[in-house]
Amino acid sequence: MTATTVASTEDPRRAGPTRRLGGLRQGAAGPLFVAPFMVLFLLTFLAPLGYAAYLSLFQERLIGGNTFVGPANYVTALKDPLLHEGVLRVATFFVIQVPLMLLLALVFALALDSGLLRLARVIRLGIFVPYAVPSVVATLMWGYLYGPDFGPFAQLSQKLGLPVPRFLSDGWLLGSLANIVTWEFVGYNMIILYAALRTVPQELYEAAAMDGAGAWRIAWSVKLPALRPALLLTLLFSVIGSFQLFNEPKLLQPIAPDVIDNAYTANLYAYSLAFTGQQVNYSAAVSFLLGLVIVIFSYAVLFIANRRRTS
């Protein structure tokens, strides 16, 4: 065997970092593939975040113009009762809406995974379709249904001689918002849980059945433990989404102005400060504090979940 033949049969992986791939060194290919994402991440996330942090340290004054005030905006926001009410309202919304939504998603995922449903694909698609509807369209649709004058529920109640349900009254509005968000996101969470169930090895089900476990026992002892990571993921997404509640109250505000004010939720309050009150600096501080609240709640959820897992 000649030297040329030996060289040609050598393992190409031994060529080291100088091996070229498509005219580029193999070591440089990875950063080049990641570069588009990093550029977009910098321009669409880090740069606006840094600019908002910069704005939150200033204050527009009649005398002196835009003046550096340090953490003064944050101190004011921490004492702001409107912000406190908005955060408390979305926290209440989270406690009411998220458990119901995740329970429905879990029931649907288990039912679909059981294989006992007829037309399972049609049912799965029907549950998921509301998530494909934009939240703006969904809110406008439910706003029409909730309407106390022109809505179908109001018209049906009038024909039956019953009192018109006040879905947009002060006592009902939070539940009405929870219904819209639940209708939108049950399908999304169901798909996550259903996909997690499909990854469970079939051997576990067979072993449980051989031990005499029925369908309910398998669901409780095999499927639910396997779903804990997926449930934790959906719970974290729900924490972030609940505290960022904006589209639904904003779009329902014109038909319920006496109930939904500009500070109904913390996110709506930050928006109103910036684009209605022209208090951009204070709005940036409120937004950062809202982000801090989301981080704290998310960390609390992770801490409790890890504590239960280790115990």
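Reading guide: rules and limits
Residues numbered from 1 in each chain as written. Predicted model: local features only at pLDDT ≥ 70, side-chain atom pairs only at ≥ 80, totals over all residues. Heavy atoms only, no water. pLDDT = per-residue confidence, 0-100. Helix = DSSP H or I, 4+ residues; strand = E, 2+ residues; numbered from the N terminus. Contact = heavy atoms within 4.5 Å. Buried < 20%, exposed > 50% of the residue type's maximum accessible area, 1.4 Å probe, protein only. Phe/Tyr/Trp six-rings, centres within 6.5 Å; stacked < 30°, edge-to-face > 60°. Lys NZ or Arg CZ within 6 Å of the ring centre and 35° of its normal. Axes fitted to C-alpha atoms, helices over the stretch in contact; angles between N-to-C directions. Parallel < 35°, antiparallel > 145°, perpendicular 65-115°, else oblique. Left-handed = near helix turned anticlockwise from the far one by under 90°. Nonpolar A, V, L, I, M, F, W, Y, C, P; charged D, E, K, R; others polar. Salt bridge = Lys/Arg side-chain N within 4 Å of Asp/Glu carboxyl O.

## Topic: the confidence of the model for the protein chain
Across the protein chain, the average pLDDT comes to 87, with 91% of residues at 70 or higher. Considering each helix and strand of the protein chain separately, the mean pLDDT is smallest for helix α1 (residues 3-8), with a value of 48, and largest for helix α8 (residues 173-198), with 95. A low-confidence stretch, residues 6-10 (pLDDT under 50), is modelled with one contact involving residues beyond four sequence positions or located in other chains. In the model, residues 12-18 has pLDDT below 50 throughout and makes three contacts with residues more than four positions away in sequence or in other chains.

## As for the side chain of Q97
Following the sequence through the fold, Q97 ends up in helix α4 (residues 81-114). Judged by its relative accessible area of 2%, Q97 falls in the buried class. Every residue in contact with Q97, bar those within four places of it in the chain, is listed here: A178, V181, T182 and S242.

## Re the packing of aromatic side chains
By the definition in use, this model includes 19 aromatic pairs. Ring geometry for F41 against F45: centres 5.1 Å apart, planes inclined by 25 degrees, an arrangement best described as stacked. Within this pair, F41 and its partner F45 are both found in helix α2 (residues 26-55), separated by four residues, close to a single helical turn. A relative accessible area of 30% places F41 in the partly exposed class. With a relative accessible area of 42%, F45 lands in the partly exposed category. Here the aromatic residues W142, Y146, F153, F167, W172 and W183 are joined through ring pairs into a cluster of three or more. The lysine or arginine in question, R89, covers the ring of Y264, its NZ or CZ lying 4.4 Å from the ring centre.

## Some remarks on the packing of α4 against α8
Geometrically, a packed helix pair is captured by the angle between its two axes and the distance between the axes. Axis separation between α4 and α8 bottoms out at 7 Å; the angle between their running directions is 40 degrees. In this view, α4 runs oblique relative to α8, as classed from their interaxial angle. By crossing handedness, the relation of α4 to α8 is classed as right-handed. Classifying every residue of the contact of α4 with α8 by side-chain character gives 20 nonpolar, four polar and three charged.

## Digging into the environment of W142
Here W142 is to be found in helix α6 (residues 135-146). W142 gets classed as buried once you look at its relative accessible area, which sits at 13%. When near neighbours in sequence (up to four residues on either side) are disregarded, W142 contacts N179, I180 and W183.

## Things to note about the pattern of salt bridges
Two side chains with opposite charge may pair up if their charged atoms get near one another. Counting across every chain of the model gives two salt bridges. Here K223 and D113 are joined by a salt bridge, their closest N and O atoms 2.9 Å apart. Of this pair, K223 sits in helix α10 (residues 215-226) while D113 is found in helix α4, placing the two residues 110 residues apart along the sequence. Here K223 and D113 have matching classes, each one buried.

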